[in-house]
Amino acid sequence: MAFEGLSSRLQSVFSKLRGKGKVSEEDVSQAMREVRLALLEADVNFKVVKDFIAKVKEKSVGKEVMDSFTPGMVIIDIVNKELTELMGGSQAKLAKANKPPTVIMMVGLQGAGKTTTTGKLAKLLQKQNHRPLLVAGDIYRPAAIKQLQVLGEQINAPVFSLGDQTSPVEIARQGLQHAKDNGNDYVIVDTAGRLHVDEELMEELRQIHQVVNPDEVLLVVDAMTGQDAVNVAEHFNNQLQLTGVVLTKLDGDTRGGAALSVKAVTGCPIKFASLGEKLDALEPFHPERMASRILG
Ligand code: GDP
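Quantities reported herein were computed from a predicted structural model and do not represent experimental measurements.

J.: Describe the overall build of the protein chain, naming the residues involved and giving the relevant values.
T.: Looking only at helices and strands, the protein chain features 12 helices and 8 strands. Since a compact globule built from 296 residues should have a radius of gyration of about 19 Å, the 21 Å found for the protein chain is in line with a globular shape. Judged by the C-alpha coordinates and their principal axes, the protein chain covers about 70 × 40 × 30 Å. Split into buried and exposed, the 296 residues of the protein chain put 53% on the buried side. Sequence-distant contacts in the protein chain: of pairs separated by 6 or more residues, those separated by 24 or more amount to 77%. A total accessible area of about 13500 Å² is found for the protein chain, and carbon and sulfur atoms account for 49% of it. The distance from the centre of the 35 positive side-chain charges to the centre of the 37 negative ones in the protein chain is 4 Å.

J.: Go over the layout of surface pockets, please, and point to the residues and values.
T.: The calculated volume of the largest pocket comes to roughly 300 Å³. Taken together, 19 residues line the largest pocket, and the ones lying closest to its centre are Gly 111, Ala 112, Gly 113, Thr 116 and Lys 249. Broken down by element, the residue count for the lining of the largest pocket peaks at 5 residues, all from helix α6 (residues 114-127).

J.: Outline the site of the ligand, listing residues and values.
T.: The local shell around the ligand holds 18 residues, among which Gly 111, Lys 114, Thr 116, Ser 274 and Glu 277 are the closest. Protein chains bury 81% of the 590 Å² of accessible surface belonging to the ligand in isolation. With respect to the detected pockets, the ligand is housed in the largest pocket. Take the shell around the ligand: its biggest share by element is 4 residues, from α6.

J.: Help me get a handle on empty space enclosed by the protein, residues and values and all.
T.: Counted by the stated rule, this structure contains 1 cavity of 30 Å³ or more. For the largest cavity, the calculated volume is near 30 Å³. Along the walls of the largest cavity sit Lys 120, Lys 123, Leu 124, Lys 127, Leu 279, Asp 280 and Leu 282, which together make up its complete lining. The biggest single contributor to the lining of the largest cavity is α6, with 4 residues. Here the residues of the lining of the largest cavity are counted per class, giving 3 nonpolar, no polar and 4 charged.

J.: So what's going on with the packing of helix α8 (residues 168-182) against helix α9 (residues 199-212)? Residues and values would help.
T.: As a packed pair, α8 and α9 sit with axes 9 Å apart at the nearest point and diverge in direction by 20°. What the angle tells us is that α8 and α9 run roughly parallel. As for how α8 packs across α9, the hand of that crossing is right-handed. Touching Pro 168, Val 169, Ala 172, Arg 173 and Leu 176 of α8 are Glu 204, Gln 207, Ile 208, Val 211 and Val 212, all from α9. Considered class by class, the residues forming the contact of α8 with α9 number 7 nonpolar, 1 polar and 2 charged.

J.: Can you tell me about the pattern of salt bridges, naming the residues and giving the values?
T.: With the rule as written, the count across this model stands at 15 salt bridges. Its salt-bridge partner being Arg 206, residue Glu 199 comes within 2.7 Å of it at the nearest N-O pair. Using a relative accessible area of 26% as the deciding quantity, one classes Arg 206 as partly exposed. The salt bridge partner of Glu 203 is Arg 206, with a shortest N-O separation of 3.2 Å. Within this pair, Glu 203 and its partner Arg 206 are both found in helix α9, separated by 3 residues, close to a single helical turn. Look at the salt bridges and you will find they share partners, linking Glu 199, Glu 203 and Arg 206 into a network.

J.: For the sheet that holds strand β4 (residues 186-191), give the residues involved together with the corresponding values.
T.: Through backbone hydrogen bonds, the strands of a sheet pair up, either in parallel or in antiparallel fashion. Across the sheet, 8 strands lie side by side as β3-β2-β4-β1-β5-β6-β7-β8; this open sheet has mixed pairing. Edge strands, defined here as strands with exactly one partner in the open sheet, are β3 (159-160) and β8 (282-284). Sheet topology places strand β5 (residues 216-222) next to strand β6 (residues 244-248); 5 bridges connect them, and they run parallel. In the sheet register, Leu 219 faces β6, and the bridge partner there is Val 245. Together, β1 (102-107) and β5 form the strand contacts of helix α10 (residues 227-240), whose direction differs from that of β5 by roughly 160°.

How each quantity is defined
- Residues numbered from 1 in each chain as written.
- Predicted model: local features only at pLDDT ≥ 70, side-chain atom pairs only at ≥ 80, totals over all residues.
- Heavy atoms only, no water.
- Helix = DSSP H or I, 4+ residues; strand = E, 2+ residues; numbered from the N terminus.
- Rg over C-alpha atoms; globule rule 2.2 N^0.38 Å.
- Buried < 20%, exposed > 50% of the residue type's maximum accessible area, 1.4 Å probe, protein only.
- Contact = heavy atoms within 4.5 Å.
- Areas by Shrake-Rupley, 256 points an atom, 1.4 Å probe, with all protein chains shown as cover.
- Lys, Arg positive; Asp, Glu negative; His and termini not counted.
- Charge placed at Lys NZ, Arg CZ, Asp CG, Glu CD.
- 1 Å grid on protein atoms, 1.4 Å probe; cavity = no way out; pocket = protein on both sides within 12 Å on 5 of 7 lines; lining within 4 Å.
- Points joined across faces, edges and corners; volume = space filled by probe spheres on them.
- Near = heavy atom within 4 Å.
- Sits in = over half its atoms within 2 Å of the grid points.
- Nonpolar A, V, L, I, M, F, W, Y, C, P; charged D, E, K, R; others polar.
- Axes fitted to C-alpha atoms, helices over the stretch in contact; angles between N-to-C directions.
- Parallel < 35°, antiparallel > 145°, perpendicular 65-115°, else oblique.
- Left-handed = near helix turned anticlockwise from the far one by under 90°.
- Salt bridge = Lys/Arg side-chain N within 4 Å of Asp/Glu carboxyl O.
- Pairing = 2+ DSSP bridges.

This is the structure in structure tokens:
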């Protein structure tokens, strides 16, 4: 279950505070030391933790909090708000082109869940009565094209492919034209992932970007990889100007380090969360709901 480890750590810190009628500055300091440790153990970025604790502490030792009848509850509320802020504050919605089709480019390292997320996102859009076209631009991973075609069949969405002998840039260009010719209001371009970030991958992505001029560039990262996911996001963002992040495998992420750091480190909002392998396991990311989930 998502954030289980972090959640239980924080809950035990706050259950002590909640019981208190009066809270001293030392109580707050002690609680903050424990929260700091819990966040570091959850693999949250060191600097993010430092800033977070400083903010919560500053707000928590004020006179109004100390004099409140339920200071513990007020502090939990402050932590809740700051956690929400850390994850972007409010829900970051998917951009929409002024003139359809809206073009979404999916990028990420191999194995992060990019191809399955492409299918899941298409399904989510279909539920909102849109007609997405999937474009099979990952020609390097064996079976990636087939995988996308199978996903397309499952959700009854068209998949544009030119096999694996045409360049991804050309596939993207023709795919976009195909969408325009066929009245698809969304185009989701699946691109190649590599095992590591490399210059060749970035150059190809930049070329595809130039050709399709996307409204969204979504980076798919595996939440279970914690700070590695954040580093990947930082790198991609420097090279490509991401518009959003999709966190996958949150169902297996007990720690939450990527979810809590990626926005603060990269400035890029988390737009979707994937919580399972099934095709309907993708949801829009709601920072406030995630914060409440963490605090239990
Ligand atoms: P790609 O190489 O980035 O295109 O990765 P794939 O889309 O092929 O996904 C890699 C593996 O991760 C597959 O086995 C997916 O079923 C799995 N996967 C993707 N998203 C999730 C998720 O949110 N939760 C879980 N548990 N598995 C996922």
